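# Structural features, examined
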Amino acid sequence: ATERKAVFLFFGGTGDLAYRKLYPSLFNLYRKGNLRSHFAVIGTSRAKMDDDKFRAAIKKSLADSGNRTDSKEASDFVSHFYYQDHDVTDTAHYAVLKDLMDKLDKKYKAEGHRIFYLSMAPQFFGTIAQDLKTQGLLSEGNDVFNRLVIEKPFGRDYDSARLLNDALSKSFDEDQIFRIDHYLGKEMIQNIEALRFGNTLVESLWNNRYIDNIQVTLSEKLGVEERASYYDNSGALRDMVQNHIMQIVSLLAMEQPVAFTDTDIRAEKVKALRSLRVYNVADAATNFVRGQYGSINEQADYRHEDNVPHDSTTETFVAGKLLFDNYRWSGTPFYIRTGKMLADKFTRVDVVFKRPLVDIFAFPQSQNTPLAANVLTIFVEPHAGFSLQLNAKTNDTGFSTEPIKLDYLVDAQKSKDTPEPYERLLHDVLKGDGTNFSSWPEVSYAWKFVDQIRRVWDLQEPQFPNYTPHSMGPAAAEELIQRDHREWVYRL
Ligand code: NAD
């Protein structure tokens, strides 16, 4: 592995995400040699603690994610960690962070490379970025890098996202900003590109002549849990559709990039999003449905969750139909759905091919059922793999056909060895590869699309709750697709 050099500064360094995902991911990079001697990590938050206590907390975070921490390797790793309490709204205090960064840069010979990771409430992103620049924390020189990593959410509509982006871009150029969408770090999401552009069999059929529709499902089994106060202000449309689903859809819909580079891939994703039809009021109302879970059993009733108002109109489920107005996709809809408290936890993409134009097996005297559609399923999680449904002959004396499946499931060992999204994404940040991050144009087109749905929803009070816990959402989500004489491939 190539060793990368950098001083990291984590804002929100004592937060849930940092302990649960970010530090264990750095440890994996350390074990693989991507980080070795020339790096240091500074954690900051308002809490007071010394380096030793912070290092103990890091060890605990490694242990909690299944690592042994009695090794020399773990001790060496945590010796690179430093803690500095800091209130992000205290501009004068950034000088303390600057001195510490400069000192650690020298000590570990990090060559001036800096990564600023904002893992905290988004209302602080703009201020932090500004203070980093004005208080002199960005290092200077021709060969150094300064990179800003931003957690979600990136705004709550187009206007707020644009304000945030304007604030960030006063201090950082677009190629220095890494907007996290952790779905882009998932193995099987990255595999969409391999599957499409590495296989004649797939890409030559990847268009409206052969594909009838594409379905993307991000299904969660749990309710809001402890994120309720955040979630109730956001809802499924903002929390899942604007970012994760739009990113997955753009990878599925884009044209072939000139080369496998971040610049080329982003250009194609943006082109795809530009041809996504932004709905007028009437179409937004018919092509999107929302839901909220609830039942007489208050244990599984969104409005009775902790920190949720009893009259909340926040949606915990969305289903929708997306249409691209371009030569490749005109007439082939993309159906999407996501929600909480559904039947199961999984993410999958189902690509439904058109049936053969003529079914020669279904002549009047035959007893044959009509041919099933070919379906290519990409299983993203919990199990990674592909499945291809084909028609084959049944093994009897007559002649009838039945659907069979070619399955490829990533085996347990390989799954275990697959890097976690955050490990991959942190590695990409160290390399300066923006492929698996959301660029500003992508974010802005996604918001413009989603805002239009929100606008229509905000005009009318929803009839909530409207779906039973552990179902696959409200009846309207079935009607949405049945109206087009289709059905969800994954059904209960
Ligand atoms: P958290 O509430 O657990 O942590 C927030 C951190 O910010 C804490 O370290 C806190 O001390 C610090 N902080 C708050 N106010 C501060 C101030 N004025 N000055 C300095 N520090 C301050 O949050 P989290 O769950 O770790 O989430 C962090 C970010 O990651 C958020 O943007 C969130 O939306 C995003 N995110 C989190 C998860 C997750 O699984 N936790 C998943 C996806 C995205």
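Sequence order as written defines residue numbering, which begins from 1 separately in each chain. For this predicted model, a pLDDT threshold of at least 70 governs which residues receive local features, and a threshold of 80 or more governs which side-chain atom pairs are given and counted, while totals over whole chains, interfaces and linings are taken from all residues. Side-chain calculation: all heavy atoms of the structure are included, whereas hydrogens and water are not.

Here we take up the site of the ligand. Nearness is judged by heavy atoms alone; a residue qualifies as near a molecule or strand once a single heavy atom is within 4 Å of it. Around the ligand, the structure places 18 residues, and the nearest of them are Thr14, Asp16, Leu17, Arg20 and Lys152. Contacts to the ligand include Asp16, whose side-chain N or O atom sits 2.6 Å from a nitrogen atom. Polar contacts here mean pairs of N or O atoms no more than 3.5 Å apart (in protein, one a potential hydrogen donor and the other a potential acceptor; neighbouring residues in sequence count only if both atoms are side-chain atoms). Arg20 is positioned such that a nitrogen or oxygen atom in its side chain is 2.5 Å from an oxygen atom of the ligand. The protein chains shown are the only cover counted for residues, whose accessible areas, like all others here, come from Shrake-Rupley with a 1.4 Å probe. Its free accessible area being 830 Å², the ligand has 74% of it covered by the protein chains.

Further remarks concern helix α7 (residues 187-197). Three exposure classes are used, based on accessible area relative to the maximum for each residue type with a 1.4 Å probe and protein chains only: buried under 20%, partly exposed in between, and exposed over 50%. Comment: elements are numbered from the N terminus, with helices defined as DSSP H or I runs of at least four residues and strands as E runs of at least two. Across the eleven residues that make up α7, a large majority, eight, are buried. Of all the residues in α7, the buried ones are Met188, Ile189, Gln190, Asn191, Ile192, Glu193, Leu195 and Arg196.

On to the pattern of salt bridges. It is possible for side chains of opposite charge to pair when their charged atoms get near one another. We count a salt bridge whenever a side-chain nitrogen from Lys or Arg sits within 4 Å of a carboxyl oxygen from Asp or Glu. Taken as a whole and judged by the stated rule, the model has 31 salt bridges. One salt bridge connects Asp70 with Arg68, and the closest N-O pair in it is separated by 3.0 Å. Here Asp70 falls in the exposed class, since its relative accessible area comes to 60%. For Arg68, a relative accessible area of 62% translates into the label exposed. For Glu487, the salt bridge is made with Arg491, and the minimal N-O distance between the two is 3.3 Å. Each member of the salt-bridge network shares a partner with another, and the members are Lys98, Asp102, Asp105 and Arg114.

Turning next to unusual backbone geometry. The omega angle of the peptide bond from Glu381 to Pro382 is 5 degrees, so this bond is cis rather than trans. Mapped onto the fold, Pro382 is located in the loop between β12 (375-381) and β13 (385-393). For the bond running from Phe464 to Pro465, omega is -10 degrees, close enough to zero to count as cis. Residue placement: Pro465 occurs in the loop between α15 (440-459) and α16 (475-482). Notably, Asn307 is not glycine yet its phi reads approximately 65 degrees, a positive angle. Topologically, Asn307 is positioned in the loop between β8 (288-291) and β9 (317-322). For Asn307, a relative accessible area of 58% translates into the label exposed. One non-glycine residue with positive phi stands out, namely His485, at about 60 degrees. Secondary-structure assignment places His485 in the segment after α16. For His485, a relative accessible area of 75% corresponds to the exposed category.

Looking now at the packing of aromatic side chains. Working definition: an aromatic ring pair is given by the centre-to-centre distance plus the angle between the planes. Side-chain rings of Phe, Tyr and Trp (the six-membered ring for Trp) are treated as a pair once their centres are within 6.5 Å; stacked means planes under 30 degrees apart, edge-to-face means over 60, and tilted covers the remaining angles. Using the criterion set out here, one finds 32 aromatic pairs in the structure. Residues Phe54 and Tyr83 carry aromatic rings whose centres are separated by 5.2 Å and whose planes lie at 55 degrees to one another, so their mutual orientation is tilted. Of this pair, Phe54 sits in helix α2 (residues 51-64) while Tyr83 sits in strand β3 (residues 81-85), and the two are 29 residues apart along the sequence. Under the relative-accessibility criterion, Phe54 is labelled buried at 0%. Note on Tyr83: relative accessible area 5%, which makes it buried. Considering the side-chain rings of Phe288 and Phe449, the 5.8 Å spacing of their centres and the 65 degrees angle between planes classify their relative orientation as edge-to-face. With Phe288 in strand β8 and Phe449 in helix α15, the pair connects residues that are 161 residues apart, well separated along the chain. Residue Phe288 is classed as buried on the basis of its relative accessible area, which comes to 3%. Of the residues examined, Phe449 reaches a relative accessible area of 1% and is grouped as buried. Members of the aromatic cluster, joined through ring pairs, are Phe8, Phe10, Tyr19, Tyr23, Phe27, Tyr30, Phe39, Phe54, Phe77, Phe81, Tyr83 and Tyr117. In this arrangement the basic side chain of Arg147 is found over the ring face of Phe145, its NZ or CZ atom lying 3.6 Å from the centre. In this structure, Arg337 packs its charged tip against the face of Trp488, placed 4.1 Å from the ring centre. Remark: a charge is flagged as sitting over a ring if the NZ atom of Lys or the CZ atom of Arg is within 6 Å of the ring centre and within 35 degrees of the ring normal.

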